[in-house]
Amino acid sequence: MAIFRSKINPFLLRFINSPLFREMIDEVNTVTINQITQENLRSTVFPLPPLNEQSRIIAKIDELMARCDALEKLRTERDAQRLAVHTTVVRQL
């Protein structure tokens, strides 16, 4: 077992949480346990763009996630309104 301590830059953090990285992890699973060795990590190809491009990518991800959060909030409000209308109609019946 190893602990990775570093000032993780936001791009690296997004990569580690990405479906691509998860897929790479799935490829190194053993029969008995999910195992990622230090050698697996050393041999992992990490798509590292220039720092200014990393910043643009992170800004875009943050922008899109904010939009997703706003849409989720609107969906939740819409569902609450539907439930209120449905409840009122049922009570009137």
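Details of the structure are given in the entry above.
Asks: Describe the overall build of the chain, and please don't skip the residues or the numbers.
Replies: Of regular secondary structure, the chain possesses four helices and zero strands. When its helices and strands are written in sequence order, the chain yields α-α-α-α. In the chain, buried positions account for 10% of the 93 residues. Of the contacts formed within the chain by residues at least 6 apart in sequence, a portion of 55% connects residues at least 24 apart. With an accessible surface of roughly 8,200 Å², the chain has 61% of that area assigned to carbon and sulfur atoms.

Asks: I'd like a rundown of the side chain of Gln 54, residues and numbers included.
Replies: Secondary-structure assignment places Gln 54 in helix α4 (residues 51–92). Residues contacting Gln 54, with those up to four places away along its chain left out, are Asn 9, Phe 11, Leu 48 and Pro 49.

Asks: Before we move on, can you summarise a nonpolar patch on the surface with the specific residues and values?
Replies: Together, Val 85, Val 89 and Leu 93 line one region of the surface with nonpolar side chains, adding up to about 340 Å² of accessible area. When you line up the elements, Val 89 lands in helix α4.

Asks: So what's going on with the pattern of salt bridges? Residues and values would help.
Replies: Pairing between side chains of opposite charge can happen when their charged atoms approach one another. Overall, the coordinates contain seven salt bridges when judged by the stated rule. Of the charged contacts, one joins Lys 60 and Glu 63 as a salt bridge, the two residues approaching to 3.6 Å between their closest N and O atoms. In this pair, Lys 60 and Glu 63 both sit in helix α4, three residues apart, roughly one turn of the helix. In this structure Lys 60 comes out as partly exposed when scored by relative accessible area, which is 43%. Judged by its relative accessible area of 34%, Glu 63 falls in the partly exposed class. For Arg 67, the salt bridge goes to Glu 63, with nearest N and O atoms at 3.2 Å. Placement of both Arg 67 and Glu 63 in helix α4 is noted, with a separation of four residues, approximately one turn of the helix. Among the charged side chains, a network of salt bridges with common partners joins Glu 72, Arg 75, Arg 78 and Asp 79.

Asks: Describe the side chain of Ser 18, naming the residues involved and giving the relevant values.
Replies: Here Ser 18 is to be found in the loop between α1 (10–16) and α2 (19–27). A polar side-chain atom of Ser 18 sits 3.2 Å from the main-chain amide nitrogen of Phe 21.

Criteria and cut-off values
Residues numbered from 1 in each chain as written. Predicted model: local features only at pLDDT ≥ 70, side-chain atom pairs only at ≥ 80, totals over all residues. Heavy atoms only, no water. Helix = DSSP H or I, 4+ residues; strand = E, 2+ residues; numbered from the N terminus. Buried < 20%, exposed > 50% of the residue type's maximum accessible area, 1.4 Å probe, protein only. Contact = heavy atoms within 4.5 Å. Areas by Shrake-Rupley, 256 points an atom, 1.4 Å probe, with all protein chains shown as cover. Patch = residues over 30% accessible without salt bridge, like charges linked within 9 Å, V, L, I, M, F, W, Y side chains within 5 Å. Salt bridge = Lys/Arg side-chain N within 4 Å of Asp/Glu carboxyl O. Polar contact = N/O pair within 3.5 Å; in protein donor to acceptor, adjacent residues only side chain to side chain.

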